Amino acid sequence: MVSASRDGGLLAAVLERFKVQPVRGSSSRRGRQALLELTTWAERRYDLAITPDGPRGPRYVVQDGIISLARLTVFRSFP
């Protein structure tokens, strides 16, 4: 997951050059859509990577979106 901000756009472009598919979103922008998109990628058995701390901090604190994603994916049995 990459921030939906302008800076995130730069990072997304770099990731795409390395054949990594970025999902754009954050707790303040596109969060719900990004959560649904990440759930879909997990159902397809792709690996997911997320920065655990939110854009506004506090630093090193896991935000609620990651907990929600874990709840939606970890305990589900994917085909």
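Computed from a prediction, not measured in an experiment: that's the story for all the values here.

Colleague: Is there a simple way to explain the packing of aromatic side chains in this structure?
Modeller: The geometry of an aromatic ring pair is captured by the separation of the ring centres together with the interplanar angle, meaning the angle of the planes. Scanning all chains against the criterion turns up one aromatic pair. Ring centres of Trp41 and Tyr46 lie 4.7 Å apart, and the angle between their planes is 85 degrees; this geometry places the pair in the edge-to-face category. Directly above the aromatic system of Trp41 lies the positively charged group of Arg44, at a separation of 5.5 Å from the ring centroid.

Colleague: Which parts of the structure should I look at to understand the packing of helix 2 (residues 31-43) against helix 3 (residues 64-73)?
Modeller: When two helices pack together, their arrangement is given by the angle between their axes and by how far apart the axes lie. Across the interface, helix 2 lies against helix 3 with an axial gap of 10 Å and an inter-helix angle of 35 degrees. The interaxial crossing formed by helix 2 with helix 3 has right-handed handedness. Mapping the contact onto sequence places Leu35, Leu38, Thr39 and Ala42 in helix 2 and Gly65, Ser68, Leu69, Leu72 and Thr73 in helix 3. Here the contact of helix 2 with helix 3 is built from residues that sort into five nonpolar, four polar and no charged.

Colleague: So what exactly am I meant to see when it comes to the pattern of salt bridges here?
Modeller: Oppositely charged side chains may form a pair once their charged atoms are brought near each other. By the definition in use, this model includes one salt bridge. Among the salt bridges present, the one from Arg30 reaches Glu37, with a minimum N-O distance of 4.0 Å. Taking relative accessible area as the criterion, Arg30 reaches 36% and is therefore assigned partly exposed. On the basis of relative accessible area, Glu37 is assigned to the partly exposed category, the value being 28%.

About the cut-offs
Residues numbered from 1 in each chain as written. Predicted model: local features only at pLDDT ≥ 70, side-chain atom pairs only at ≥ 80, totals over all residues. Heavy atoms only, no water. Phe/Tyr/Trp six-rings, centres within 6.5 Å; stacked < 30°, edge-to-face > 60°. Lys NZ or Arg CZ within 6 Å of the ring centre and 35° of its normal. Axes fitted to C-alpha atoms, helices over the stretch in contact; angles between N-to-C directions. Helix = DSSP H or I, 4+ residues; strand = E, 2+ residues; numbered from the N terminus. Left-handed = near helix turned anticlockwise from the far one by under 90°. Contact = heavy atoms within 4.5 Å. Nonpolar A, V, L, I, M, F, W, Y, C, P; charged D, E, K, R; others polar. Salt bridge = Lys/Arg side-chain N within 4 Å of Asp/Glu carboxyl O. Buried < 20%, exposed > 50% of the residue type's maximum accessible area, 1.4 Å probe, protein only.

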